[in-house]
Amino acid sequence: MHLNSFGSLRVGIGLVCGLFSCHMLLAQTPLIGNVPGRSTQSLNGTWHYIVDPYETGYYDYRYQERKETDGEAYWNNPVPKNKTDRKEHAYVDANTLEVPGDWNSQAPEFLYYEGTVWYQRTFDVAAAQRQGQRAFLYFGAVNYQAEVYLNGRKLGSHKGGFTAFNFEIPDTLLRDADNFLVVKVDNKRAPDEVPTVNTDWWNYGGITRDVHLIWVPDTFIQNYFIQLERPADGAAPRKRKVPVAGWVKLNGAPSGGQLTVEIPELKVRESFPATGDSVAFQLTLPSVELWSPESPKRYEVRFRMGEDEVSERIGFRTIAVQGKDVLLNGQPIFMRGISVHGEIPDPGRRANSEDDAAQLLGWAHELGCNMVRLAHYPHSEQTTRLADSLGILVWSEIPVYWTIDFGNLAVLTKAKHQLHEMIARDQNRASIIIWSVGNETPVSPVRTAFMSDLAKTARAWDGSRLISAALEVHYTGGKNVIDDPLGQYTDLVSVNEYLGWYGGLPDNCRTAIWETSYDKPLFISETGAGAKAGFHADSLTRWSEEYQAWYFREQVAMMKRMPDNFVGLSPWVLVDFRSPKRNNQYQQGWNRKGLIGSDGQKKEAFSVLNAYYEEMKAQPTSRKKR
Ligand code: GCB
């Protein structure tokens, strides 16, 4: 099945693009996988900026797009020839932003800014590094739209605020010194984008993740996939003579050499003829220690083709659904999860580093979690790699959130493009067990057609993982009813449920009955209540820590009485996060459903959920013994 993954990925995008123009979306070169394993030069650091709400650097005074050579285009370097020469813009040392980083948290005047900011820096390249190498410019993420220019020439465009992309730099364009790099970043929200205009999170703009130059030989390994196949019937994977299927995508006219795959610790080393730009391979591992939260074993895997070699540590595990269970390595698991935004509190900024990932996953670990739902968009690569090494299961999601323009085929293409980029970056992470295609999308025929297309596409592109989406449940007549038709297309039925917060009081949980038409594993992808850290009152008082703790006590009691297809939960949410929609005296621009407050202080509810998770940890994993 995986042999065709890359092929079907390309066919999928090609088909969609055939229906209408998506030239803009495909401007960048396909993503290079495993960037941390490559020869790179960091372009992080201090960049200059110009704030440009009227897009003067892009359009002239007649609002016509500027020509590439226009001296007043902000991608050009406007050095006045003499003192009489008028230049209307300049990148100056007084205006700088740190990259990676959102602009909102870097200066008070940026807090609410939505629009265009031009980023600029110069860089040199070592002649020895350039010799015989191709150069790619890589961005971990830019929110939302990026137009990238080097030495006055446009390299390409990208839309989508949470996924990585890269452009090749033509050799003739690159200089040894003083390369003038400009990125126009625009985070304006729009109804036909993904996400759309309405979200419950902060629209942090900027070059929010790492920027690198990547150096590769003429023919290089662009990306690859190596994972255990998803067992069809939930059977336990073999521990000896384990079959592994994978593929490698080559770039740069391979002239028929050999691709070598090596796993030194297992004494595996096999070569395969590279007759085209894609090589499908099958290996048999003599034995394998499977990756799991208890023992996140990873093996060094090396790929070699001609002059190119790339390696990284990869875990092997299986994930499957069997009846009412989710099976990890053939055993039923219970997911002690928590939903997490990619945001660091105090004072509130987009997470962008390994330290940030360690802070968020460290808190999840303290809570007793074995799983995180990375909401509502792909998080940084540091996060998913750290989850691999810590042994934390991951749900990774694209920002198809609430009221996307479901009837618009171009929006479907954008969503698929982000899905593609999410998978292409993280497809070898053992920690990722679920690809989610969206959150709380309102039921209608056009929406279900859109969402089921995404679910089928995700499965076609990566058949080794489970596919889900966070659905809604409605509470009527004492029942939590799950009847969203999208549930037919997902491997597990995941629902966001707020009984006691958005409806009723927490003690309604005592009598709530769960009713679902799906005979599939049931996962509670959200449940939560708001509380201002440090605000204490009786437990009936909304926004107090006591109310939130009561809510979690009632919810936990209900979880213990769930039907036997209940496989876990990821309550909302680990930490308070900024949201422009939250404006009462307790929230003040923050969604306060965190178990940890915006100052890093743990609220009372943290220990309620922690106690439940410690209890679950002590029990055997089988759901029957829950
Ligand atoms: C939800 C959404 C999440 C919100 C949360 C809330 O159901 O999925 O994005 O932030 O509720 O706090 O209302």
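Naming follows an unreviewed UniProt entry, where the protein chain appears as Beta-glucuronidase of Catalinimonas alkaloidigena. Within the UniProt record for the protein chain, the comment given under Sequence similarities (unreviewed entry) is "Belongs to the glycosyl hydrolase 2 family."

Peer 1: Any chance you could break down the sheet that holds strand S23 (residues 335-341) for me, citing the residues and the numbers?
Peer 2: Within a sheet, each strand pairs with its neighbour through backbone hydrogen bonds, oriented either parallel or antiparallel. The strand order around the closed barrel formed by eight strands is S23-S26-S27-S28-S29-S32-S34-S35, and the pairing between neighbours is parallel. Sheet twist, expressed as the mean angle between neighbouring strand axes with direction ignored, is 30°. Across four bridges, strand S26 (residues 371-375) lies against strand S27 (residues 393-397) in parallel orientation. If you follow Arg373 over to S27, its bridge partner there is Trp395.

Peer 1: Provide a residue-level description of the pairing of S23, including the pertinent values.
Peer 2: Burial analysis of S23 places seven of its seven residues in the buried class, which makes it a mostly covered element. Pairing of S23 with strand S35 (residues 566-569) involves two bridges; the strand directions are parallel. Considered in S35, the bridge of Arg336 is made with Leu569. Summarising the sheet, S23 and S26 pair through five bridges and their orientation is parallel. Bridge pairing links His341 to Ala375 in S26.

Peer 1: Give a detailed account of helix H4 (residues 381-390), specifying residues and quantitative values.
Peer 2: Across the ten residues of H4, eight count as buried, placing the element largely inside the fold. Along H4, the positions that sit buried rather than exposed are Glu381, Gln382, Thr383, Thr384, Arg385, Leu386, Ala387 and Asp388. Backbone geometry just downstream of H4 places Gly391 in the positive-phi region, at approximately 80°.

Peer 1: If you had to explain the side chain of Arg582 to someone new, which residues and values would you point to?
Peer 2: The residue Arg582 is located in the loop between strand S36 (577-578) and strand S37 (590-591) in this model. On the accessibility criterion, Arg582 (14% relative accessible area) is buried. Only 2.7 Å separates the side chain of Arg582 from the side chain of Asp200, close enough to count as a polar contact. Here Tyr502 takes part through its side chain, which lies 3.4 Å from a polar atom of the side chain of Arg582. Apart from residues no more than four positions distant in its own chain, Arg582 is found in contact with Asp200, Tyr502, Gln587, Gln588, Gly589, Trp590, Asn591 and Lys593.

The rules we used
Residues numbered from 1 in each chain as written. Predicted model: local features only at pLDDT ≥ 70, side-chain atom pairs only at ≥ 80, totals over all residues. Heavy atoms only, no water. UniProt positions renumbered as here; feature names shortened; annotations may be inferred. Pairing = 2+ DSSP bridges. Helix = DSSP H or I, 4+ residues; strand = E, 2+ residues; numbered from the N terminus. Axes fitted to C-alpha atoms, helices over the stretch in contact; angles between N-to-C directions. Buried < 20%, exposed > 50% of the residue type's maximum accessible area, 1.4 Å probe, protein only. Polar contact = N/O pair within 3.5 Å; in protein donor to acceptor, adjacent residues only side chain to side chain. Contact = heavy atoms within 4.5 Å.

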